[in-house]
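# Inside the fold
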Amino acid sequence: MNIEQQQPVLIVGAGPVGILNALGLARAGVPVAVFERAAEVVQSPRAMVYHWSVLDGLERLGLFEDATARGFLKQDYTYKVFKTGEEINYGLKSLEGRVKHPYNLHLGQNVLVEIALEHLSRYPHAEVFWNHKFVGVEQAADSVTASFETPIGAATATGSWLIGADGAGSRVRQSQGIDFEGITWPERFVATNIRYPFEAAGYSQTTMLIDDRYGAIISKIDNSGDTGLWRYTYCEDASLPEEQVTERMPGYFASIVEDPENVVVEAFSPYSMHQRAAASFRSGRVLLAGDAAHATNPTGGLGLTSGLFDTYVLAEALAAVIRGEAEGTVLDEYARERRRVFTEVVNPAASNNKRLVYHSSDPVLLEEDLAALRRLRTDEDAVVKRLLFPKSLETASLIGAW
């Protein structure tokens, strides 16, 4: 069957997981149609650090060069104890000679999507539909038909498969009656995009501030303007009124800088935090990926990392199934293995990261944590082991070389 005769893969959600899945499939010659409920790329604060381990995949998709041109590469990390000022510094330089890309990429998630959309537009067999709110999907033996609400009325689309990449509140997942198992944390995260000369104030480009009240992750997003744009993420009691977040925000800024009046807030996003996984990542011809399949608190940047590793293996496997190069059972393997990685690797690591940064009230436990971190100053093997961890979130190709 030539490409004109193929039914498209329908993808719900135009975040990085949805758009990169579309790009991977389009590059493999598979028609794709992406449907997004928003009118344009979402600009509110989202993930912005790409661990070294996912950069090979961006390169395979042809995005690495453009992404690094729009963002920046960095190697340094700092853990800083708020109450004492103690700093523990280490960096990815230890990976040089061990991996192809021994650095992390800092880039707003919205910018990566914009870059990927530019690449996707080069493929005539790829389409993106905005203002399409997913309503439901019906499955047949060899097709799916999805329905949407749009500003001009109801719409439907028929395809060969459907990928749900529509976030933690996934309507695709709900349409299949799949449970989202796990917990919701009793705190609210507040992600802010701000401008302030943090480097001049002594902060590294990624600083994890450890404290049971003022814990935060402070990370540079880009080099724009005089100071660059920074992400400052803290958490607060979720029982506090969300509409008063901006009234409480200056108090958090005052905890980290001497002149909080000079902090310029460009955007902020309060949100609930989850540790959840879909009971299954597959329901017939419907597949889940990214936050639609699993949701984690963002401490350590493991959510987007997991979603990208979902993407790389799913786009490859689904393209092979469509081309007749692999049996459909490979998608069951995708569903099982990616769920296993989340529940056994991502979930406990992200929970532990959250505890360390934001909930360090137990002095004995904190000292144990700091003792392990202090080893990073002198023990090269400990540094390498820690830096290699994000690679453990990857699933190797299910069908061979991509």
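Quick caveat, the model's predicted, so the values are computed rather than measured.

## Re the side chain of R195
Its location among the elements puts R195 in strand 13 (residues 180–195). Separated by 2.6 Å, the side chains of R195 and E266 make a polar contact. For R195, the residues in contact, after removing those within four places along its chain, are S224, G225, T227, G228, L229, N262, V263, V264 and E266.

## What to know about the side chain of S160
Secondary-structure assignment places S160 in the loop between strand 11 (153–159) and strand 12 (161–164). Discounting chain neighbours no more than four positions away, the residues touching S160 are Q7, P8, V9, D142, S143, V144, R285 and I322.

## Remarks on the sheet that holds strand 11
The pairing of strands in a sheet comes from backbone hydrogen bonds and takes either a parallel or an antiparallel form. The antiparallel open sheet is built from three strands, whose spatial order is 9-10-11. Where the open sheet ends on each side, the last strands, each with one partner, are strand 9 (133–139) and strand 11. When the angles between neighbouring strand axes are averaged without regard to direction, this sheet yields 20°. Bridge count for strand 9 against strand 10 (residues 144–150) is six bridges, and the pairing is antiparallel. Each bridged residue has a counterpart across the sheet, and for F134 the counterpart in strand 10 is F148.

## Let's talk about the nonpolar core
Side chains of nonpolar character tend, in soluble globular proteins, to be buried together. By size, the foremost hydrophobic cluster in this structure holds 85 residues, and its most contacted members are V9, L25, Y50, L162, L318 and L331. Per-element accounting of this core gives the leading share, 13 residues, to helix 7 (residues 302–322). In contact with L162, not counting residues within four places along its chain, are L10, V12, F134, V137, V144, A146, V172, R285, V286 and L287. Membership of the second largest hydrophobic core comes to 25 residues, among which are Y90, I217, L373 and L376.

## Notes on the pattern of salt bridges
Counted by the stated rule, this structure contains 24 salt bridges. When the shortest N-O distance is used, the salt bridge between R70 and E114 registers 3.6 Å. In this pair, R70 is assigned in helix 3 (residues 64–70) and E114 in helix 4 (residues 109–120), connecting sequence segments 44 residues apart. A relative accessible area of 41% means that R70 is categorised as partly exposed. Through salt bridges that share partners, E86, E367, R374 and R377 make up one connected network.

## Some points on the packing of aromatic side chains
Considering all chains together, one arrives at 16 aromatic pairs under this definition. Taking the centre distance of 5.0 Å and the plane angle of 10° together, the rings of F35 and F129 count as stacked. Here the residue F35 occupies a position in strand 2 (residues 32–35), and F129 occupies one in strand 8 (residues 126–129), the gap between them amounting to 94 residues. F35 sits in the buried class, given a relative accessible area of 5%. For the ring pair F35 and F148, a centre distance of 4.3 Å and an interplane angle of 20° mean the geometry is stacked. A residue pair is termed long-range when its members are at least 10 positions apart, and F35 in strand 2 and F148 in strand 10 qualify at 113 residues. Both residues of the pair, F35 and F148, belong to the buried class.

## Some thoughts on unusual backbone geometry
Look at N131: it is not a glycine, yet its phi comes out positive at around 60°. Position of N131 relative to the elements: it lies in the loop between strand 8 and strand 9.

## Let's talk about the packing of helix 1 (residues 16–27) against helix 4
Between two packed helices, what matters for the description is the angle formed by their axes and the separation of those axes. Closest axis-to-axis distance for the helix 1/helix 4 pair is 9 Å, and the angle between their directions is 25°. One finds that helix 1 runs roughly parallel with respect to helix 4. Here the hand of the crossing between helix 1 and helix 4 comes out left-handed. Of the residues in helix 4, those in contact with P16, I19, L20, A22, L23 and A26 of helix 1 are Q109, L112, V113, A116, L117, H119 and L120. Partitioning the contact of helix 1 with helix 4 into residue classes produces 11 nonpolar, two polar and no charged.

## Points about the sheet that holds strand 18 (residues 282–283)
Pairing is mixed in the open sheet, where six strands are placed in the order 8-2-1-12-19-18. In this open sheet, the two strands that pair with only one neighbour each are strand 8 and strand 18. Of the strand pairs in this sheet, strand 12 and strand 19 (residues 286–288) are connected by three bridges, and their pairing is parallel. Across the sheet, I163 pairs through a bridge with L287, a residue of strand 19.

Calculation rules
- Here the residue numbers are simple positions, counted from 1 along each chain's written sequence.
- In keeping with the model being predicted, local features are shown solely for residues with a pLDDT of at least 70 and side-chain atom pairs are shown and tallied solely at 80 or more, while totals for entire chains, interfaces and linings include all residues.
- Only hydrogens and water are removed before side-chain values are computed, so all heavy atoms of the structure are retained for them.
- Under the scheme used here, helices are H or I runs from DSSP no shorter than 4 residues and strands are E runs no shorter than 2 residues, and both carry numbers assigned from the N terminus.
- Definition of a polar contact: a pair of N or O atoms within 3.5 Å, with one able to donate and the other able to accept a hydrogen when the atoms are protein atoms, and with sequence-neighbouring residues admitted only if both atoms are side-chain atoms.
- When checking whether two residues touch, look at their non-hydrogen atoms; a contact exists if any pair is within 4.5 Å.
- Whether two strands pair depends on DSSP finding at least two bridges between them.
- Here, axes are lines fitted to C-alpha atoms. For helices the fit covers the stretch in contact, and angles between N-to-C directions go from 0 to 180 degrees.
- Nine residue types can take part in a nonpolar core, namely buried Ala, Val, Leu, Ile, Met, Phe, Trp, Tyr and Cys, and a core is a set of them joined through side-chain atoms within 4.5 Å.
- Residue burial is assigned from relative accessible area. The probe radius is 1.4 Å, only protein chains are included, and a residue is buried under 20% of its type maximum, exposed over 50%, and partly exposed in between.
- Salt bridges are counted wherever a side-chain nitrogen of Lys or Arg sits within 4 Å of a carboxyl oxygen of Asp or Glu.
- Pairing of aromatic side chains requires ring centres within 6.5 Å, counting the rings of Phe and Tyr and the six-membered ring of Trp. Pairs whose planes differ by under 30 degrees are stacked, by over 60 edge-to-face, and all others tilted.
- The cut-offs work like this: below 35 degrees is roughly parallel, past 145 is roughly antiparallel, 65 to 115 is roughly perpendicular, and the gaps in between are oblique.
- We call a crossing left-handed when the near helix sits turned anticlockwise from the far one by less than a right angle, and right-handed when that turn is clockwise.
- Classification used: nonpolar for Ala, Val, Leu, Ile, Met, Phe, Trp, Tyr, Cys and Pro, charged for Asp, Glu, Lys and Arg, polar for all others including Gly.

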